[in-house]
Amino acid sequence: MEPDPDPGPEDGAASPEPLHFHGDEEIIEVVELGPGPPDPADDLAQEMDGVDFEEEEELEGEGADEAWGDEADEGVDGGMESPDDSEVTFAHHSASVFCVSLDPKTNTLAVTGGEDDKAFVWRLSDGELLLECPGHKDSVTCAGFSHDSALVATGDMSGLLKVWQVDTKEEVWSFEVGDLEWMEWHPRAPVLLAGTADGNTWMWKVPSGDCKTFQGPNCPATCGRVLPDGRKAVVGYEDGTVRIWDLKQGSPIHILKGTEGHQGPLTCVATNLDGSLILTGSVDCQAKLVSAATGKVVGVFRPDTVGPQPNPGEDEESESNSVESLGFCSVMPLAAVGYLDGTLAIYDLSTQSLRHRCQHQSGIVQLLWEEGAAVVYTCSLDGAVRLWDARTGRLLNDYRGHTAEILDFALSKDASLVVTTSGDHKAKVFCVQRPDR
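The rules behind each value
- Residues numbered from 1 in each chain as written.
- Predicted model: local features only at pLDDT ≥ 70, side-chain atom pairs only at ≥ 80, totals over all residues.
- Heavy atoms only, no water.
- Helix = DSSP H or I, 4+ residues; strand = E, 2+ residues; numbered from the N terminus.
- Buried < 20%, exposed > 50% of the residue type's maximum accessible area, 1.4 Å probe, protein only.
- Polar contact = N/O pair within 3.5 Å; in protein donor to acceptor, adjacent residues only side chain to side chain.
- Phe/Tyr/Trp six-rings, centres within 6.5 Å; stacked < 30°, edge-to-face > 60°.
- Pairing = 2+ DSSP bridges.
- pLDDT = per-residue confidence, 0-100.
- Contact = heavy atoms within 4.5 Å.
- Axes fitted to C-alpha atoms, helices over the stretch in contact; angles between N-to-C directions.
- Salt bridge = Lys/Arg side-chain N within 4 Å of Asp/Glu carboxyl O.

### Observations concerning the side chain of Gln-165
Mapping Gln-165 onto the fold places it in strand E10 (residues 160–165). On the basis of relative accessible area, Gln-165 is assigned to the buried category, the value being 12%. A distance of 3.2 Å separates a polar atom in the side chain of Gln-165 from a polar atom in the side chain of Asp-167.

Below, the structure is given as structure tokens:
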């Protein structure tokens, strides 16, 4: 898709000059982002070259029940009456479905985890169950495929993590930690990372089980992300601090605390395409732009740039706004921040200015940028998925079908499919239609 000419900031706003941010001994200018030079070979990934997995075979799903369809789920309160725009409904879960990931190699498989202590791998095209991941003893809140789609990992709230080989459907590794906060695969190697409520970040080579721990403050490691170079990870904590870790050395490269950190627990972190910039979000309603190289905060998106904040003494509900999700556009110098009050804010990184405000009627749960386009996808507590043109702030489309809030969603690489999970016990596949492609 050819990008349209840049329309600039919102109507009526003069184009601001680029801002310069002064660090202790340096000046950092935020400029238009582009892909950086190719990184050298990843030492950590090279260490994993000896781990060999068979090519993924076609899974038949023998004995799988035909439990997908558009029929209503008995026992689920249909509080949101709306047409069902989905193509496939996966209905094997018996409680709220908390998480979903797609296999990165083919984008034909999904893994979902739910409040029923179960995780399933299933096929997007027809909803056929391919693998049930048994043995969890608490709600499965994290699930994902390895970089080559050979392995799938699931984690429950109690801290039990399990890994299966997708083609053989065999469990190849398990480990138990403290209460689980987040889990993520390394982008280049069969290495799994997780953050726990005791403040630790764990890293395992799978399936050998070789382990490293990264000890944080004595509070939960609430969110984390491996940087694109595979050598570093950024982790946010409940005390508002942020640490950028060297994965090979096991030591923090940068620690952001005090005024550099947040004034409340971290809720989300994201990196841009080349890993040079990090965004952090918190219940303090601020999103901070951080240089990954220096650890310096080079920009702050404050709540007063989004909307009026509640006055002291107002009821507790009005004071519960927070940053819920954020991310970088890969083709323009833009960032998106989603708030619990339903605001989607699009910021111009080169000028540090608010470009568009896109309002939802209910809280935003998560946002994702389409690869190769200035289009943001949001899912929200009203059970809808929405597509926004970040250049104009215009709503492109919305998709409905759930009868409860959407709790997580995933987007295929070609942006043709959106897969959602919901409190209505279902996962759904939506085919995205865009008139501009």
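### Description of the packing of aromatic side chains
According to the stated counting rule, one finds 10 aromatic pairs in the structure shown. Note on Phe-90 and Trp-122: the rings are 4.5 Å apart at their centroids and 5 degrees apart in plane angle, and the pair reads as stacked. Of this pair, Phe-90 sits in strand E3 (residues 88–90) while Trp-122 sits in strand E6 (residues 119–123); the two residues are 32 residues apart in sequence, bridging distant segments of the chain. Like Phe-90, the residue Trp-122 is buried in the burial classification. Three or more aromatic residues joined by ring pairs make a cluster, and in this case those are Trp-173, Phe-175, Trp-202 and Trp-204.

### Some thoughts on the pairing of strand E27 (residues 353–359)
Successive residues of a regular strand alternate their side chains across the two faces of the sheet. Counting buried positions along E27 yields five of seven residues, so the element is predominantly enclosed. The sheet contact formed by strand E26 (residues 343–348) and E27 spans six bridges and is antiparallel. Within E27, the position partnered with Ile-346 by the bridge is His-356.

### So, the environment of Ser-96
Tracing the backbone through its elements, the reader meets Ser-96 in the loop between E3 and strand E4 (97–102). Of the residues examined, Ser-96 reaches a relative accessible area of 12% and is grouped as buried. The spatial distance from the C-alpha of Ser-96 to the C-alpha of Ser-139 is 9.3 Å, given a sequence separation of 43 residues.

### Examining the confidence of the model for the protein chain
Residues of the protein chain with pLDDT of at least 70 account for 76%, and the chain-wide mean is 84. This stretch, residues 1–37, has a pLDDT under 50; its non-local contacts, to residues over four places away or in other chains, come to 61 contacts.

### Things to note about the pairing of strand E14 (residues 200–205)
Summarising burial for E14: five of the six residues are buried, a large majority. Here strand E13 (residues 191–196) pairs with E14 via five bridges, running antiparallel. Each residue of the ladder has a partner; that of Leu-192, found in E14, is Trp-204. In textbook terms, the turn of a hairpin is the stretch between consecutive antiparallel strands, and for E13 and E14 this stretch comprises three residues, one of which, Gly-199, has a positive phi near 95 degrees. Inspection of the sheet shows E14 paired to strand E15 (residues 211–215) by five bridges, in the antiparallel sense. Across the sheet, the residue bridging to Trp-202 is Thr-213, located in E15. Linking E14 to E15, which pair antiparallel, is a turn of five residues; within it Gly-209 sits at a positive phi near 90 degrees.

### Section: the sheet that holds strand E33 (residues 417–422)
Read across the open sheet, the four strands follow the order E3-E34-E33-E32; overall the sheet is antiparallel. Only two strands of the sheet have a single partner each, and these edge strands are E3 and strand E32 (406–411). Taking the axes of each pair of neighbouring strands and ignoring which way they run, one obtains an average angle of 20 degrees across the sheet. Taken together, the five bridges between E32 and E33 define a ladder with antiparallel strand orientation. Among the inter-strand pairings, Leu-411 is bridged to a residue of E33, identified as Val-418.

### Some points on the environment of Tyr-237
Among the secondary structure elements, Tyr-237 is positioned in strand E17 (residues 232–237). Taking the relative accessible area as the measure of exposure, Tyr-237 reaches 0% and is therefore buried. For Tyr-237 and Thr-222, which are 15 residues apart along the polypeptide, the C-alpha to C-alpha distance reads 5.2 Å. Setting aside anything within four residues of it in sequence, one finds Tyr-237 in contact with Gly-199, Thr-201, Gly-216, Pro-217, Cys-219, Pro-220, Ala-221, Thr-222, Arg-243, Trp-245, Pro-265 and Leu-266.

### Regarding the pattern of salt bridges
The final tally for this structure, using the stated rule, is 12 salt bridges. As a salt-bridge pair, Arg-400 and Asp-398 come within 3.5 Å of each other at their nearest N and O atoms. Under the relative-accessibility criterion, Asp-398 is labelled partly exposed at 26%. It is possible to trace a salt-bridge network through shared partners that takes in Arg-123, Asp-126 and Glu-128.

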